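# Examination of the molecular architecture
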Amino acid sequence: MAHVGLVGIGVMGREFALNLAEEGHSVSLLDRTLAKSEAVVDAGADLAGDLLACRDAEAFVQSLPSPRSVLVLVPSGGPLDSVIEMLSPLLEKRDLIADLGNSYYKETERRVTELEAKGLLFLGMGISGGAEGARHGPAIMAGGSEESWARVKAPLQDASAKFEDDPCCDWFGPGGSGHFIKMLHNGIEYADMQMIAEAYGLMRDGWGMDAAAIGDVFAKWMNGPLNSYLIEIAAEVARADDPKTGKAMLDMILDKAGQKGTGRWSVIEALHLGAPIGMVQAAVEARNVSADIEGRRQGAAAFGAVQQGDLGAQDAGTAALEQAMIAAKVCAYTQGFEVLRRASEAFEWCLDLAAIARVWRAGCIIRSVLLDDMSDAFAQDGARRLFFAPKFETLMKDNAEALQSVVGMAVTARIEVPALFAALSYFNASRTERSTANMIQGLRDRFGAHTFERVDAVGEKVNGPWHD
Ligand code: 6PG
């Protein structure tokens, strides 16, 4: 059994320490507030592994067997750098610091370089599943040197979620690759959540359904390909009542979405890599617009509130909506995995897309029944775009028409569905053999002599007659 250190006893740190101890591992705990560590020791008194509350960094480092492994669960950025600054002078060569926060992958690369220069090891790991996951099994995506990974692999795999006994915890490559994968996981999470919010909006504003009835539809979707953690909790959120007013809880929640940055980073990185990520972009922008409540109020006053129309028959409509959600979900994952593929090529990470899908099958926020099929699809052919794999090609063929009609209905009824719209546009663009980029090339050449290729002489750069 391992003995590791854990710094940062917030909600996630506390739960993860208890999880490790339950698996029989010993954990030295360090937090600015000793009482928080002591509370974990009390809470875990009956668990198999020892929990040790440490008064300060010196006592913490001395409590750990050499070579030391220290897990850090503090907010990314400044707080993490402060912990590294505090610990590194106390650590010895080959000791390891592992960051389990949502760090920006380039920062992780910087930390790997800086700490390796000091003879220390550094691992960047994404951990998903919220507090519940941290306690009972999160999904973990690690990146860094193989030596670092070997050090903490056993305790982390023990504590991670399992999919049919397979640990949802793996190492994917060097440097910032683990955090890049976690970032993209969150990007997909944004797209999934935005689609759910749009489905809710169609049901609320187009079919006039109340929150509980909408919750029942989500619950019904759990019987099909949409079966996933996010749909499950969407049903729970929609069906809950506000203990204060007795009204639907959802109706009492302000429509102003927060965000910490991983969705935005996913979009920025995808754009740098030249990979389409319209669905995540739509989700980030929808959150941005939602946060501008005053701006929306002014818009409604200036232009009149959107007069939302009727979406027609509810039963047929919600059935089509389920199909539209399936098609859009396949598009979101296709986009997400394509970004990972581009990153793998650009950064020479050799990412195994099947292994990534395998780790996402349980424990993480985007876990869904489709992820097992996705891992099979990439295991069969890792070079194939997801929606060309037989299972997903069939899902697209069976459901894309519903996506087309639901988006069409939503546009006509003036109900905003940016992520579903982005899915449809990505899908339609992806099957357009003759696009309109010849006009872009013509214009670029006309104003800037940027050249173009002719359809009858591909590979050759020429100018148009406007330059004669
Ligand atoms: C997870 C979540 C987790 C966190 C997000 C929320 O995988 O467990 O993604 O990391 O809840 O960072 O992100 P936003 O605050 O940006 O929605």
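Read on for a plain summary of the structure. Note that the structure is a prediction, hence the values are computed from the model and not measured.

## Focus on the nonpolar core
By size, the foremost hydrophobic cluster in this structure holds 102 residues, and its most contacted members are Phe-218 and Trp-360. The greatest single-element share of this core, amounting to 15 residues, is contributed by helix 14 (residues 314-347). Three or more residues apiece are contributed to this core by two domains, here domain 1 (3-175) and domain 2 (189-430). In this structure, Phe-218 is in contact with Ile-196, Ala-199, Tyr-200, Met-203, Ile-231, Ala-234 and Ala-235, ignoring residues within four places of it in sequence.

## What to know about the packing of aromatic side chains
Evaluation of the coordinates by the stated rule reveals 15 aromatic pairs. With 4.7 Å between their ring centres and 50° between their planes, Phe-337 and Phe-378 make a pair best called tilted. Taken together, the positions of Phe-337 in helix 14 and Phe-378 in helix 16 (residues 370-380) put the pair 41 residues apart, joining distant regions of the chain. On the numbers, 4.8 Å between centres and 55° between planes, the contact of Phe-347 with Trp-349 is tilted. For Phe-347, a relative accessible area of 31% gives the class partly exposed. A connected cluster of aromatic rings, assembled from ring pairs, spans Tyr-104, Tyr-105, Phe-180, Trp-265, Phe-347 and Trp-349.

## Looking at the environment of Gly-215
Tracing the chain through its elements places Gly-215 in helix 9 (residues 211-221). Sequence-wise, Gly-215 and Ile-231 are 16 residues apart; in three dimensions their C-alpha atoms are separated by 9.3 Å. With near-sequence residues (within four places) excluded, Gly-215 lies in contact with Ala-235, Ala-238 and Arg-239.

The rules behind the values
Residues numbered from 1 in each chain as written. Predicted model: local features only at pLDDT ≥ 70, side-chain atom pairs only at ≥ 80, totals over all residues. Heavy atoms only, no water. Core = buried A, V, L, I, M, F, W, Y, C linked by side-chain atoms within 4.5 Å. Buried < 20%, exposed > 50% of the residue type's maximum accessible area, 1.4 Å probe, protein only. Helix = DSSP H or I, 4+ residues; strand = E, 2+ residues; numbered from the N terminus. Domains from an automatic or database assignment. Contact = heavy atoms within 4.5 Å. Phe/Tyr/Trp six-rings, centres within 6.5 Å; stacked < 30°, edge-to-face > 60°.

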